[in-house]
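# Structural characterization, general
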Amino acid sequence: MNGKGKSLTHIMPSYEIEYAIQGMDCANCALTLERSLAQLQGVERVQVNFTAAVLTASGTFDPQALVARVEAMGYRASPPETKAALPQPMDAETQPAVVGFLQFLLSERSTTMALVGGILLLVSALLGWVATPWAGWLSLALQISVSVVAGYPIANKGLRALLVGRQVTIDLLMTIATLGALFIGETGEAATVILLFTIGEALEGFTAERSRRSLRSLLALTPDQARVLRPCIDCAEHLGQDGYNGGVCPFCGMHEVAIP
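Only a predicted model underlies this, so the values are computations on that prediction, with no experimental measurement involved. (Residues numbered from 1 in each chain as written. Predicted model: local features only at pLDDT ≥ 70, side-chain atom pairs only at ≥ 80, totals over all residues. Heavy atoms only, no water.)

## Re the packing of helix H4 (residues 97-107) against helix H5 (residues 109-127)
Packing of H4 against H5 brings their axes to within 5 Å, and their N-to-C directions diverge by 115°. In terms of their interaxial angle, H4 and H5 are classed as roughly perpendicular. Residue-level contacts link Phe 104, Leu 105, Leu 106 and Ser 107 of H4 to Arg 109, Thr 111, Thr 112 and Leu 115 of H5. A per-class count over the contact of H4 with H5 returns 4 nonpolar, 3 polar and 1 charged. (Axes fitted to C-alpha atoms, helices over the stretch in contact; angles between N-to-C directions. Helix = DSSP H or I, 4+ residues; strand = E, 2+ residues; numbered from the N terminus. Parallel < 35°, antiparallel > 145°, perpendicular 65-115°, else oblique. Contact = heavy atoms within 4.5 Å. Nonpolar A, V, L, I, M, F, W, Y, C, P; charged D, E, K, R; others polar.)

Now the structure itself:
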């Protein structure tokens, strides 16, 4: 009795929470995060929607532990935006895609590093046309720099997924492939592959963000109330008439009702 009563005082309350997740740039990121959160004690159900960038979870877990795990995986969790805070139709939908993509690259540190890596790789390619020893050494140094600059965010996500979530992801595999290419002296291939992979993920994140903005713009147009046609139920005026005992009234027509 005493032992059972003492254990009952430590039962965790049940939660059903929702957070907006920032930092996901592909569907695989959402799947990796979802699997990692499912390992937390007390989590009964968890779902990470990549398109909406929303996390929903329920169970007897500690919400602070859930947020801490999200941050440990390299993402950010915040309360979802309310309707009043949702943006109106945005200029990003009307401006050229190239301009929007460049702005997206400059909005995050990881994507900015990819942009810097692309510039360094371009300079390295131009140095290949210069037939001097110093140009070759400088080109080699730039290629290694590109691998480090563009590969750091990928390696960071891959190691976080391995150490925190105990999962082997494509980010970790790309990191191993890049290190292997550097080890055998294929610095140009290493820099090109990791840079293309980083830009590919940035493109996926950019298109996903544009889709989210379009959805938010549509939600911003949603009215507060809707008027629907409903039948009369359990009409007190006609109860008992011609055998009517309740339910949909056969004598009344449809009428308008305002609902949220």
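There's plenty left to go through after this.
## Comments concerning the sheet that holds strand S4 (residues 76-78)
Pairing is antiparallel across the open sheet formed by 4 strands, whose spatial order is S2-S3-S1-S4. The open sheet is flanked by strand S2 (43-49) and S4, the only strands paired with a single partner. Taking each pair of neighbouring strands and ignoring which way they run, the sheet shows an average axis angle of 30°. When strand S1 (residues 15-22) meets S4, the two strands line up antiparallel, connected through 3 bridges. For Ala 20, the partnering residue across the bridge sits in S4 and is Ser 78. With respect to the sheet, helix H2 (residues 27-37) is in contact with S1, S2 and strand S3 (54-59), its orientation differing from that of S2 by roughly 170°. Against the sheet, helix H3 (residues 63-72) engages S1, S2, S3 and S4, with an angle of about 20° to S1. (Pairing = 2+ DSSP bridges.)

## Overview of the packing of H5 against helix H6 (residues 133-163)
Two elements in contact, H5 and H6, have axes whose closest approach is 8 Å; the angle formed by their N-to-C orientations is 165°. As summarised for this structure, H5 and H6 are arranged roughly antiparallel, according to the angle between their axes. Every pair of crossing elements has a handedness; the one defined by H5 and H6 is left-handed. Residue-level contacts link Arg 109, Ser 110, Met 113, Gly 117, Leu 120, Leu 121, Val 123, Ser 124 and Leu 127 of H5 to Trp 134, Ala 135, Leu 138, Ser 139, Leu 142, Gln 143, Ser 145, Val 146, Val 149, Tyr 152 and Pro 153 of H6. Looking at the contact of H5 with H6 residue by residue, the class counts come to 13 nonpolar, 6 polar and 1 charged. (Left-handed = near helix turned anticlockwise from the far one by under 90°.)

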